[in-house]
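Residue-level structure breakdown
Chain by chain, the residues:
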Amino acid sequence: MSESLAPIVLIGIFVLAAFLLVLPRIVRSREASRDGGATAAPSRPSTPPPLAEAAPAAATTEVPPELVEEIESIEVVEEAPPDEPPRLRDRIGKTRASFAGLLGVLRRGGKIDAAAWDELEEALLLADVGMTTTQSVVDGVKARAAAAGADADADALPDLLRAEITERLEATATDRSLHHAAEGPTVWLMVGVNGVGKTTTTAKIAKREIADGNKVLLAAADTFRAAAADQLAKWADRLGCALVRGQDGGDPGAVVFDAMDAATARRTDVVIVDTAGRLHTKVNLMRELEKLKRIVERTPGALQEVLLVLDASTGQNGLTQAREFAGAVDITGVVLTKLDGTAKGGVVLAIEDEFQVPVKLVGLGEGADDLVPFDPAEFAAALVE
Ligand SMILES: Nc1nc2c(ncn2[C@@H]2O[C@H](COP(=O)(O)OP(=O)(O)OP(=O)(O)O)[C@@H](O)[C@H]2O)c(=O)[nH]1
Ligand SMILES: [Mg+2]
């Protein structure tokens, strides 16, 4: 061997030796990854594995084709991911049921006769649309039927009703979004009587805004009810947003004042103010709301929404509450909660008819994701399809 080849041969022997040393390790690690790490696990004193894991890892027998077919035919009901908003149609079953009887009658066929009009009226009243609005809706549908031909078929009624409901609601407002200030903090004031869902809705709205990339601050201006601020604090903690609170029984005006200061200092996008639903007298409650509103208005352009929260399950009683609040503060929109557990969802029509204020959001459950924008066409379709 020439002297010049010697180093090359030496390097070759060295590389071969290194490879032979490493090879067993590579084989072991491959086996380990195939067995889900079992072989790589440090050997412990023999604790028996749990029963579920004790089954042999590799099946050696073939699965009979008929079993494969059977398994494939099983319908897998996929659970919606937790962040997926619920569908209005799926949650307003009870209100839909008010119309189900009507549609059964209509589907018998024939022409629209007096009995069909009575059925329609009854269905609307059953859904708590209220006498005045019901009359007006029936008249609207009659006009549509006349336009379609005096002897319109009964089975055309659902479509006529759907169009009537959609157009009535769309006439109140086309934009049902919550408005943001052009610059500086946006403030939304939540008002309504006790127990309707103000605090829960505050949290639900906060969650949506955070998901949209906004910096949110919650103001616990319900200092009247013991533990009200704690309830909101829990939500703030869970959602990971800022909270301004005061002393129990203290001045809610001071809370809002501090919240406005904090919002400016921290460059907060949205401040949601949760207010008390009950005070010693209604006069006090209304005066306090006016006061809170004035404090927010010290920051020009900040107050973008005064949202009246109404519990759908109180049906027509919600209208009485709306009258009281609308008399004290200018309501910019309604959040109708608990639409999931009531047959009285038709009250949406009455609210918009009387107050000409849009229902902007609806609550469909107690969870933070159970809030959806109110869409007239979707609502009308869900009622009569
Ligand atoms: N099913 C259902 N329950 C709801 C909905 N919104 C709120 N709730 C429940 O209604 C109850 C009252 O809700 P709160 O948010 O505490 O009501 P509030 O208006 O803040 O009450 P006060 O602070 O006493 O004035 C709670 O048990 C909520 O979980 C909804 O859309 N659907
Ligand atoms: Mg509350």
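Residues numbered from 1 in each chain as written. Chains lettered and ligands numbered in written order. Predicted model: local features only at pLDDT ≥ 70, side-chain atom pairs only at ≥ 80, totals over all residues.

Description of the overall build of the protein
The helix and strand inventory of the protein stands at 15 helices and eight strands. Burial statistics for the protein: of 385 residues in total, 37% are counted as buried. (Helix = DSSP H or I, 4+ residues; strand = E, 2+ residues; numbered from the N terminus. Buried ≥ 20, exposed ≤ 12 C-beta atoms within 10 Å, placed from the backbone.)

Quick word on the site of ligand 1
Residues in close proximity to ligand 1 total 21 residues, the closest being G197, T199, T200, G277 and G363. Sort the elements by how many residues they give to the shell around ligand 1 and helix 9 (residues 198-211) lands first, with three residues. Among the residues making up the shell around ligand 1, the classes are represented as three nonpolar, eleven polar and seven charged. (Near = placed C-beta within 6 Å. Nonpolar A, V, L, I, M, F, W, Y, C, P; charged D, E, K, R; others polar.)

Section: the nonpolar core
When a protein is soluble and globular, its nonpolar side chains tend to lie buried together. The biggest cluster of nonpolar side chains holds 88 residues, and the ones touching the most others in it are L189, L218, A219 and V273. Mapped onto the domain boundaries, this core takes at least three residues apiece from domain 1 (88-172) and domain 2 (186-331). (Core = buried A, V, L, I, M, F, W, Y, C linked by C-beta atoms within 7 Å. Domains from an automatic or database assignment.)

Some words on the pairing of strand 6 (residues 333-337)
In terms of burial, strand 6 is a largely internal element, five of the five residues being buried. Alternating positions in strand 6 separate into two faces, G333, V335 and T337 on one and V334 and L336 on the other, with burial throughout. For strand 5 (residues 303-311) and strand 6, the ladder comprises five bridges, and the chain directions are parallel. Paired with V309 across the strands is V335, a residue of strand 6. Note on the crossover from strand 5 through helix 13 (residues 317-328) to strand 6: the handedness is right-handed. Direction of pairing for strand 6 relative to strand 7 (residues 359-363): parallel, over a ladder of three bridges. Its bridge partner lying in strand 7, V334 is registered against V359. The β-α-β motif built from strand 6, the intervening helix 14 (residues 347-355) and the parallel element strand 7 has right-handed crossover chirality. (Pairing = 2+ DSSP bridges. Right-handed = clockwise from strand over helix to strand, strands pointing away.)

Quick word on the sheet that holds strand 2 (residues 216-221)
Strand order in this open sheet of eight strands is 3-2-4-1-5-6-7-8, and the pairing throughout is mixed. Pairing within the sheet leaves two strands with one partner each, and these edge strands are strand 3 (242-245) and strand 8 (371-373). Between one strand and the next, the sheet's axes are offset by a mean angle of 25°, whatever the strand orientation. Relative to strand 4 (residues 270-275), strand 1 (residues 186-191) is paired through five bridges, and the arrangement is parallel. Bridge pairing in strand 4 links W188 to I272. Relative to strand 4, helix 9 is tilted by about 170°, and along the sheet it contacts strand 1, strand 2, strand 4, strand 5, strand 6, strand 7 and strand 8. Where helix 10 (residues 228-239) meets the sheet, it contacts strand 2, strand 3 and strand 4, and its direction lies at approximately 170° from that of strand 3. (Axes fitted to C-alpha atoms, helices over the stretch in contact; angles between N-to-C directions. Contact = placed C-beta atoms within 7 Å.)

Overview of the environment of L157
Along the polypeptide, L157 turns up in helix 8 (residues 157-172). Separated by 37 residues in the primary sequence, L157 and L120 place their C-alpha atoms 9.0 Å from one another.

Quick word on helix 14
Judged by how many residues are buried, helix 14 sits mostly within the fold: seven of nine residues are covered. Within the span of helix 14, buried status applies to V347, V348, L349, A350, I351, E352 and D353. Check the buried side of helix 14 and you find it contacts helix 7 (131-148), helix 8, helix 13, strand 6, strand 7 and helix 15 (376-384). In the stretch just after helix 14, Q356 is the one whose phi turns positive, near 55°.

What about the confidence of the model for the protein?
Predicted confidence across the protein gives a mean pLDDT of 83, with 76% of residues reaching 70 or more. Below a pLDDT of 50 lies the segment residues 26-61, which in the model reaches eight contacts outside its immediate sequence neighbourhood of four places, other chains included. With pLDDT under 50 throughout, residues 76-80 is counted as low confidence; its partners more than four residues away or in other chains account for zero contacts. (pLDDT = per-residue confidence, 0-100.)

Details of unusual backbone geometry
Leaving glycine out, the prevailing phi sign among residues is negative, and the prevailing peptide bond configuration is trans. Unusually for a residue other than glycine, A227 sits at a positive phi of about 75°. Relative to the elements of secondary structure, A227 occurs in the loop between strand 2 and helix 10. For A227, a count of 11 C-beta atoms within 10 Å translates into the label exposed. A positive phi is found at Q356, a non-glycine position, where the angle reads about 55°. By secondary structure assignment, the location of Q356 is in the loop between helix 14 and strand 7.

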